[in-house]
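Each chain, letter by letter, is given below.
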Amino acid sequence: MTRIASVAVVKDEERHIAEWIAYQFAVGFDTVVLFDNGSTDQTVTRARALAAHRDVRVIDWPVFAPDYQVRAYEDAARRFTGEFDWLGFFDTDEFLVMAPDFDLRAILALWRDAAAIGVPWAIFGSSGHVNWPDGLVIEEFVYRAQPSFGPNRHIKSIIRPERMKSCLNAHAFEMDGVYRGLAGNELSWSQPGVLDCEPDYRMGKLHHYFTRSQAHWDAKIRRGYHDTDRKASEFEAYDRNEVFDDAAVRYAPMVCEELAMIKFLNSGRNF
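- By the naming in an unreviewed UniProt entry, the protein chain is Glycosyltransferase family 2 protein, taken from Acidiphilium iwatense.
- According to the UniProt record, the Subcellular location (unreviewed entry) comment for the protein chain reads "Membrane".

### What to know about the overall build of the protein chain
Phase 1: Helix and strand counts for the protein chain come out as eight helices and 15 strands.
Phase 2: For 271 residues, the compact-globule estimate of 2.2 N^0.38 gives 18 Å, and the protein chain sits close to it at 17 Å.
Phase 3: With the principal axes as the frame, the protein chain shows a C-alpha extent of 45 × 40 × 40 Å.
Phase 4: By the burial criterion, 54% of the 271 residues in the protein chain qualify as buried.
Phase 5: Considering only contacts in the protein chain between residues 6 or more positions apart, those separated by 24 or more positions represent 76%.
Phase 6: Carbon and sulfur atoms make up 47% of the accessible area of the protein chain, which amounts to about 11,600 Å² in all.
Phase 7: Measuring between centres, the 31 positive side-chain charges of the protein chain sit 2 Å from its 41 negative side-chain charges.

### With respect to helix α3 (residues 68-80)
Phase 1: In this model α3 runs 18 Å from its N-terminal to its C-terminal C-alpha over 13 residues, within 8% of the 18 Å that 1.5 Å per residue would give.
Phase 2: Backbone geometry just after α3 places G82 at a positive phi near 100°.

### Concerning the side chain of S6
Phase 1: Mapped onto the elements of the fold, S6 is located in strand β1 (residues 4-10).
Phase 2: A polar contact of 3.0 Å, which involves the side chain of S6, links it to the side chain of Q24.
Phase 3: Those residues within four positions of S6 in sequence are excluded, and the remaining contacts are W20, Q24, F29, T31, V32, V33, G88 and F90.

### Examining the pairing of strand β6 (residues 114-123)
Phase 1: When you tally the buried positions in β6, you get 10 out of 10 residues, the bulk of the element.
Phase 2: Both β6 and strand β11 (residues 178-181) contribute to a ladder of four bridges, which runs parallel. Following the sheet pairing, A116 is matched in β11 by Y179.
Phase 3: Bridge analysis of β6 against strand β14 (residues 204-208) gives three bridges, and the strand direction is parallel. Residue pairing for β14: W121 is matched across the bridge by L206.

### Quick notes on the pairing of strand β9 (residues 164-167)
On a regular strand, one side chain projects to one face of the sheet and the next to the other, so that they alternate.
Phase 1: When β9 meets strand β10 (residues 173-175), the two strands line up antiparallel, connected through three bridges. By the bridge assignment for β10, M164 is matched with M175.
Phase 2: Connecting the antiparallel pair β9 and β10 is a turn made up of five residues.

### Notes on the nonpolar core
Phase 1: Judged by nonpolar contacts, the single largest core of 59 residues is most densely connected at W20, I21, Y23, L34, L96, I138 and I158.
Phase 2: When residues of this core are assigned to their parent elements, the largest contribution, nine residues, is made by helix α1 (residues 17-27).
Phase 3: Leave out the neighbours within four places in its chain, and I158 touches W86, L87, G88, F90, L96, L104, L108, A116, I117 and V119.
Phase 4: Counting 30 residues, the second largest nonpolar core, distinct from the first, contains F89, I155, A172 and L187.

Scoring rules and cut-offs
- Residues numbered from 1 in each chain as written.
- Predicted model: local features only at pLDDT ≥ 70, side-chain atom pairs only at ≥ 80, totals over all residues.
- Heavy atoms only, no water.
- UniProt positions renumbered as here; feature names shortened; annotations may be inferred.
- Helix = DSSP H or I, 4+ residues; strand = E, 2+ residues; numbered from the N terminus.
- Rg over C-alpha atoms; globule rule 2.2 N^0.38 Å.
- Buried < 20%, exposed > 50% of the residue type's maximum accessible area, 1.4 Å probe, protein only.
- Contact = heavy atoms within 4.5 Å.
- Areas by Shrake-Rupley, 256 points an atom, 1.4 Å probe, with all protein chains shown as cover.
- Lys, Arg positive; Asp, Glu negative; His and termini not counted.
- Charge placed at Lys NZ, Arg CZ, Asp CG, Glu CD.
- Expected span 1.5 Å × (residues − 1).
- Polar contact = N/O pair within 3.5 Å; in protein donor to acceptor, adjacent residues only side chain to side chain.
- Pairing = 2+ DSSP bridges.
- Core = buried A, V, L, I, M, F, W, Y, C linked by side-chain atoms within 4.5 Å.

This is how it looks when you write it as structure tokens:
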């Protein structure tokens, strides 16, 4: 049977980490692997609590150089070659959404010649939220940019780990073989990981809840990055809300079911 894992580098994501992990299983991944980059909150505790119900693995990753994410991705590909047929590399504000009637495992089975699949961003804005909303991210943030918004040309990758040569950046890998889109089209770049055309959302996309609320954005800026210098003023540039898109909401019942099971199995713990 084909084995698929979702890999992320995390730091101080306690507020939403349980939803993101539960979502990975709802959409079809078998395993979640987290490289913890020095969290000081309850991120690791909450992630490990999910291991009572699902295959969730936490790897300590105290690497603080600018290439911390690239190095983690390469480590994952080499570490899990032979165990997993495919590895998806996402951030915890990125949610893979398949088009209705399409299934991740079935799509991966279609493109047997592909070494990697590139999934394009769909940048979501604040949906008017200033403070932290109470509901699921996938339910609260339902407005996004038009496909023509430039950052939507970025992709994130699902790769065959045994065919990786190197990780080029957080978006793309040098692979022994062809990069395809979810629809099977061979991808071409303006630069590695950035499409030279508008994204194709026919069979799926990667919902990137990049800003979320103003409160989320402020927390993101305070947390900081090892590899870039984000400005508070960038919120306005990325707070795009032109298109109503609730495609991820259909996964909410499965996410809630996962979370309810996790809370039951970990009743009495700090979850």
